[in-house]
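Fold and geometry: a report
Chain by chain, the residues run as shown.
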Amino acid sequence: MTSIQPKTNDFTLPDQSLPKATNQYDKDMFMKLLLAQIANQDPMSPMEDREFIAQMAQFSSLEQMQTISKQLDSVLVDRHMASISEFSSMIGKTIDYSSESSEETTKGSGRVVSISRSDLTGYMADLEDGTSVSVYDITSIK
């Protein structure tokens, strides 16, 4: 009796190296995964059409979400630049401010020399005397 030897495939598989550890999935990684899945499927039980269609729909959704994310990033950058431009009109002007903390209320005035922004404090008006005042604490501009 002759034995049946399994046929070896002569094709090369896609690069199976692990992707870099990131929190984002990109379309290249998704396509590599899909191609590997198709290349390694059981020939006696291939992937169903609806499974393939579902995976392609997921791929399409991923692309759309990435596009939306890029557009939102662009909008945020535009808004940031608009805010800097709006607040820069205070440079050279004297302002009055009133800031409240849990312990006391600080009032004062001074001439604005620059506008700065930080992730922690937001937009700040830097005064000649070295004081930095939140633009939201400004009560008047002279």
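- As annotated in an unreviewed UniProt entry, the protein carries the name Flagellar hook capping FlgD N-terminal domain-containing protein and comes from Exiguobacterium aestuarii.
- Per UniProt, the protein carries the Sequence similarities (unreviewed entry) text "Belongs to the FlgD family."

**What about the overall build of the protein?**
- What the protein contains, in helices and strands, is 2 helices and 5 strands.
- In the protein, the succession of α and β elements from N to C terminus is α-α-β-β-β-β-β.
- Scored against the burial criterion, the 142 residues of the protein give a buried share of 18%.
- Nonlocal contacts in the protein, meaning residues at least 24 apart in sequence, comprise 42% of its contacts between residues at least 6 apart.
- Put simply, the protein shows about 11500 Å² of open surface, and 54% of that area lies on carbon and sulfur atoms.

**Let's talk about the pattern of salt bridges**
- Applying the stated criterion to the full structure yields 2 salt bridges.
- The salt bridge partner of Lys142 is Asp96, with a shortest N-O separation of 3.0 Å. Residue Lys142 is located in the segment after strand S5 (138-141), and its partner Asp96 is located in strand S1 (residues 94-100); the two are separated by 46 residues in the primary sequence.
- Across the pair Arg111 and Glu128 runs a salt bridge, and its minimum N-O distance is 2.9 Å. Of this pair, Arg111 sits in strand S2 (residues 105-118) while Glu128 sits in the loop between strand S3 (122-127) and strand S4 (132-134); the two residues are 17 residues apart in sequence, bridging distant segments of the chain.

**Focus: the sheet that holds S3**
- Pairing in this open sheet of 5 strands is antiparallel, and the strands run S4-S3-S2-S1-S5 from one edge to the other. With one partner strand each, in any of the chains shown, S4 and S5 form the two edges of the open sheet. Averaged over all neighbouring strand pairs, the angle between strand axes comes to 50°, with direction disregarded.
- In this structure, S1 lies alongside S2, joined through 7 bridges in antiparallel fashion. Pairing of Ile95 across the sheet is with Gly110, part of S2.

**What to know about the packing of aromatic side chains**
- What the rule picks out here adds up to 2 aromatic pairs.
- A ring pair is formed by Phe87 and Tyr123, whose centres lie 5.1 Å apart and whose planes are at 50°; its orientation type is tilted. Remark: Tyr123 occurs in strand S3 and Phe87 occurs in helix H2 (residues 49-88); sequence separation between them is 36 residues. As far as the burial class goes, Phe87 and Tyr123 line up, both buried.
- Centre to centre, the rings of Phe87 and Tyr136 are 6.4 Å apart; their planes meet at 90°, and the pair counts as edge-to-face. Of this pair, Phe87 sits in helix H2 while Tyr136 sits in the loop between S4 and S5, and the two are 49 residues apart along the sequence.
- An aromatic cluster is present here, built from Phe87, Tyr123 and Tyr136 joined pairwise through their rings.

**Let's talk about the nonpolar core**
- One finds Phe87, Met90, Ile95, Tyr97, Val112, Ile115, Tyr123, Ala125, Leu127, Val133, Val135 and Ile138 forming the largest nonpolar core, which totals 12 residues.
- For this core, the elements supplying multiple residues, two or more each, are S1, S2 and S3.
- Each residue touching Ile115, except ones within four places of it in the same chain, is listed here: Ile84, Phe87, Ser88, Met90, Ile91, Met124, Ala125 and Asp126.

Conventions adopted
- Residues numbered from 1 in each chain as written.
- Predicted model: local features only at pLDDT ≥ 70, side-chain atom pairs only at ≥ 80, totals over all residues.
- Heavy atoms only, no water.
- UniProt positions renumbered as here; feature names shortened; annotations may be inferred.
- Helix = DSSP H or I, 4+ residues; strand = E, 2+ residues; numbered from the N terminus.
- Buried < 20%, exposed > 50% of the residue type's maximum accessible area, 1.4 Å probe, protein only.
- Contact = heavy atoms within 4.5 Å.
- Areas by Shrake-Rupley, 256 points an atom, 1.4 Å probe, with all protein chains shown as cover.
- Salt bridge = Lys/Arg side-chain N within 4 Å of Asp/Glu carboxyl O.
- Pairing = 2+ DSSP bridges.
- Axes fitted to C-alpha atoms, helices over the stretch in contact; angles between N-to-C directions.
- Phe/Tyr/Trp six-rings, centres within 6.5 Å; stacked < 30°, edge-to-face > 60°.
- Core = buried A, V, L, I, M, F, W, Y, C linked by side-chain atoms within 4.5 Å.

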